[in-house]
Amino acid sequence: MFEDPSFYRSLAALHRAGIPWPQAIASAAGSDARLAGSLQALSAGATLAEALAPVVEPLDRALLEAGEASGRLEGTLERIATRHEEQARLSGARRAALAYPVLMGHVAALLAGVPDFITGAMGAGLLWTAAVLVPLWVVLLLSRPTRVSNTAGHPGTKAPRARGLRRSAVEEADARALLALADGYESGLPLSSTLRLAAQAGAGGRVAYDLYRATPRVLEGEAVSTAWSAT
């Protein structure tokens, strides 16, 4: 996925200057081959959201489509850039927070086996080292951010459950869906488009599950506020 904040900020500035989208994309992305298809789509008459859909996150596409519909695309591009900057900052902070304990864990693992290494009992020394490193790496692997399935929420699937290590992933998916739902509504998109984009943006979350299953009822006149069951 394309998550470079500078790309979106450049697009906002070029859009403000009145540069056509194909030229703006080419200028902002340079020689990035991932956007070759987007350039072709734009030249063929696609909207910005349609052209970037294959290479951006579902939430970004939903925000772009809402921004185009409302005529506030410049501000939308800036918001997307800010969101990706915040994501990068949080990711860096998590890595920095883990660096010291991981280093100390490896030092402790080496020291635990030193007495046996000195006496020539290599097997016992390696066993002590493994006794420290194995639990450490188990914890690290289990604490890695998880991604929920992109198909969860479609009709026929079970409602996602926010339990254990998946809780943060499900809740992040729910937040993406609600953000897209709000943006689509405020931008004046048709309700059918708003519900579709919000469900796509929050794929794998409980809100997306509810929206997929409730969309037919909502389009027949039921209020969105009564459509929740998994959320």
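Worth saying up front: this structure is predicted, and the values here are computed from it rather than measured. (Residues numbered from 1 in each chain as written. Predicted model: local features only at pLDDT ≥ 70, side-chain atom pairs only at ≥ 80, totals over all residues. Heavy atoms only, no water.)

Peer 1: I'd like to hear about the nonpolar core, residue by residue, with values.
Peer 2: Phe 7, Trp 21, Ile 25, Leu 35, Leu 52, Leu 64 and Leu 77 are the most contacted members of the largest nonpolar core, which has 43 residues in total. Of all elements in the fold, only helix 1 (5–16), helix 2 (21–29), helix 4 (48–52), helix 5 (58–70), helix 6 (73–118), helix 8 (167–186), helix 9 (191–201) and helix 10 (206–219) reach the threshold of two or more residues within this core. Top contributing element to this core by residue count: helix 10, with 6 residues. Those residues in contact with Phe 7 that sit more than four places away from it in its chain are Phe 2, Ile 25, Ala 28, Ala 29, Leu 35 and Leu 52. (Core = buried A, V, L, I, M, F, W, Y, C linked by side-chain atoms within 4.5 Å. Buried < 20%, exposed > 50% of the residue type's maximum accessible area, 1.4 Å probe, protein only. Helix = DSSP H or I, 4+ residues; strand = E, 2+ residues; numbered from the N terminus. Contact = heavy atoms within 4.5 Å.)

Peer 1: Outline the pattern of salt bridges, supporting the account with residue identities and numerical values.
Peer 2: Per the counting criterion, the structure on display carries 12 salt bridges. Between Glu 85 and Arg 9 there is a salt bridge whose closest N-O contact spans 2.8 Å. Of the two residues, Glu 85 is situated in helix 6 and Arg 9 in helix 1; the sequence distance between them amounts to 76 residues. Glu 85 sits in the partly exposed class, given a relative accessible area of 37%. Residues Glu 74 and Arg 16 are paired through a salt bridge, measuring 2.4 Å at the closest nitrogen-oxygen approach. Of this pair, Glu 74 sits in helix 6 while Arg 16 is found in helix 1, placing the two residues 58 residues apart along the sequence. Here the salt bridges share partners, and the residues they tie into one network are Arg 9, Glu 78 and Glu 85. (Salt bridge = Lys/Arg side-chain N within 4 Å of Asp/Glu carboxyl O.)

Peer 1: Got a sec to walk through helix 1? Specific residues and values, please.
Peer 2: Over its 12 residues, helix 1 extends 17 Å from the first C-alpha to the last, a length consistent with the 16 Å expected when each residue adds 1.5 Å. Of the positions making up helix 1, those classed as buried are Pro 5, Phe 7, Tyr 8, Leu 11, Ala 12 and Leu 14. On the buried face of helix 1, the contacting elements are helix 2, helix 4, helix 5 and helix 6. Following helix 1 by one or two positions, Gly 18 has its phi on the positive side, about 85°. (Expected span 1.5 Å × (residues − 1).)

Peer 1: Would you mind going over the packing of helix 5 against helix 6 in detail, with residue names and values included?
Peer 2: Interhelical geometry of helix 5 versus helix 6 gives an angle of 160° and a closest axis separation of 8 Å. Here helix 5 is positioned roughly antiparallel relative to helix 6, judged by the angle of their axes. Pair helix 5 / helix 6 crosses with right-handed handedness. Packed against helix 5, whose contacting residues are Leu 59, Asp 60, Leu 63, Leu 64, Gly 67 and Glu 68, the element helix 6 presents Leu 73, Thr 76, Leu 77, Ile 80, Arg 83 and His 84 at the interface. (Axes fitted to C-alpha atoms, helices over the stretch in contact; angles between N-to-C directions. Parallel < 35°, antiparallel > 145°, perpendicular 65-115°, else oblique. Left-handed = near helix turned anticlockwise from the far one by under 90°.)

Peer 1: Could you give an account of helix 6, naming the residues involved and the relevant values?
Peer 2: Relative to the 68 Å expected for 46 residues at 1.5 Å per residue, helix 6 spans 67 Å between its end C-alpha atoms, a close match to the ideal helical length. The largest bend in helix 6 comes to about 30°, at Ala 99, with the proline Pro 101 one to four residues further on. For helix 6, the full list of buried residues reads Leu 73, Thr 76, Leu 77, Ile 80, Ala 81, Arg 83, His 84, Val 102, Gly 105, Ala 109, Gly 113 and Asp 116. Where helix 6 terminates, the next one or two residues include Gly 120, which has phi positive at roughly 90°. (Bend = angle between axes of the 7 residues up to and from the residue.)

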